[in-house]
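Given next are the chains, with one letter for each unit.
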Amino acid sequence: MLGDPHAREAVRDGLEDGRTGSRAGQLVKRAAQPAGLQDLADTDDTVILRERLAAAGPDDDVLTGAEEDAYRRTVDRHIAMWALSDPLARFIYDGDR
């Protein structure tokens, strides 16, 4: 809907006003959060974790040090996307820091 040139005027205004902090712009940013999480490109970390999941048995839930580091970096990346790279907002979603 956001990319449709025939979208309703409110959606088009939101896209245009996204940088100004208007309410419509904030709506567009919030709508982009879940889409952005689903559209993040693979990294070496996500490949490591995906391979780990594929090889893991039903009771295998202990990560190696390297896998744990990959997991932390992946979580940090997702938190940054969800918080729209706001360095202070990230702490709302990450209670471990």
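Below, the structure is looked at part by part. Every value quoted in this text rests on a predicted model; they were computed, and no experiment measured them.

### Some details on the overall build of the chain
Secondary structure summary: the chain contains five helices and zero strands in total. Traced from its N-terminal end to its C-terminal end, the chain shows the element sequence α-α-α-α-α. Counting over 97 residues, the chain shows a buried share of 22%. If you take every contact in the chain between residues at least 6 apart in sequence, the share linking residues at least 24 apart comes to 40%. For the chain, the computed accessible surface area is about 7,400 Å², with 55% contributed by carbon and sulfur atoms.

### Observations regarding the side chain of Thr74
Structurally, Thr74 can be placed in helix H4 (residues 65-82). The buried category is assigned to Thr74, whose relative accessible area is 11%. A distance of 2.8 Å separates the side chain of Thr74 from the backbone oxygen of Ala70, its partner in a polar contact.

### A closer look at helix H3 (residues 44-55)
Its 12 residues give H3 an end-to-end C-alpha distance of 17 Å, which sits within 8% of 16 Å, the value for a rise of 1.5 Å per residue. Structurally, H3 contributes buried residues whose contacts are with H4.

### A short note on the side chain of Glu67
Along the chain, the position of Glu67 falls in helix H4. When neighbours within four sequence positions are excluded, Glu67 is seen to be in contact with Ile48, Leu49, Arg52 and Val62.

### Observations regarding the packing of H3 against H4
Look at H3 against H4: their axes get within 9 Å of each other, and the N-to-C directions meet at 120°. Relative to H4, H3 is oriented oblique. For the pair H3 and H4, the sense of crossing is left-handed. Residue-level contacts link Asp45, Thr46, Ile48, Leu49 and Arg52 of H3 to Glu67, Ala70, Tyr71, Arg73, Thr74 and Arg77 of H4. When the residues that make up the contact of H3 with H4 are grouped by side-chain class, the tally is four nonpolar, two polar and five charged.

So, how was this worked out
- Residues numbered from 1 in each chain as written.
- Predicted model: local features only at pLDDT ≥ 70, side-chain atom pairs only at ≥ 80, totals over all residues.
- Heavy atoms only, no water.
- Helix = DSSP H or I, 4+ residues; strand = E, 2+ residues; numbered from the N terminus.
- Buried < 20%, exposed > 50% of the residue type's maximum accessible area, 1.4 Å probe, protein only.
- Contact = heavy atoms within 4.5 Å.
- Areas by Shrake-Rupley, 256 points an atom, 1.4 Å probe, with all protein chains shown as cover.
- Polar contact = N/O pair within 3.5 Å; in protein donor to acceptor, adjacent residues only side chain to side chain.
- Expected span 1.5 Å × (residues − 1).
- Axes fitted to C-alpha atoms, helices over the stretch in contact; angles between N-to-C directions.
- Parallel < 35°, antiparallel > 145°, perpendicular 65-115°, else oblique.
- Left-handed = near helix turned anticlockwise from the far one by under 90°.
- Nonpolar A, V, L, I, M, F, W, Y, C, P; charged D, E, K, R; others polar.

So far we have only geometry, and geometry alone does not tell us how the molecule works.
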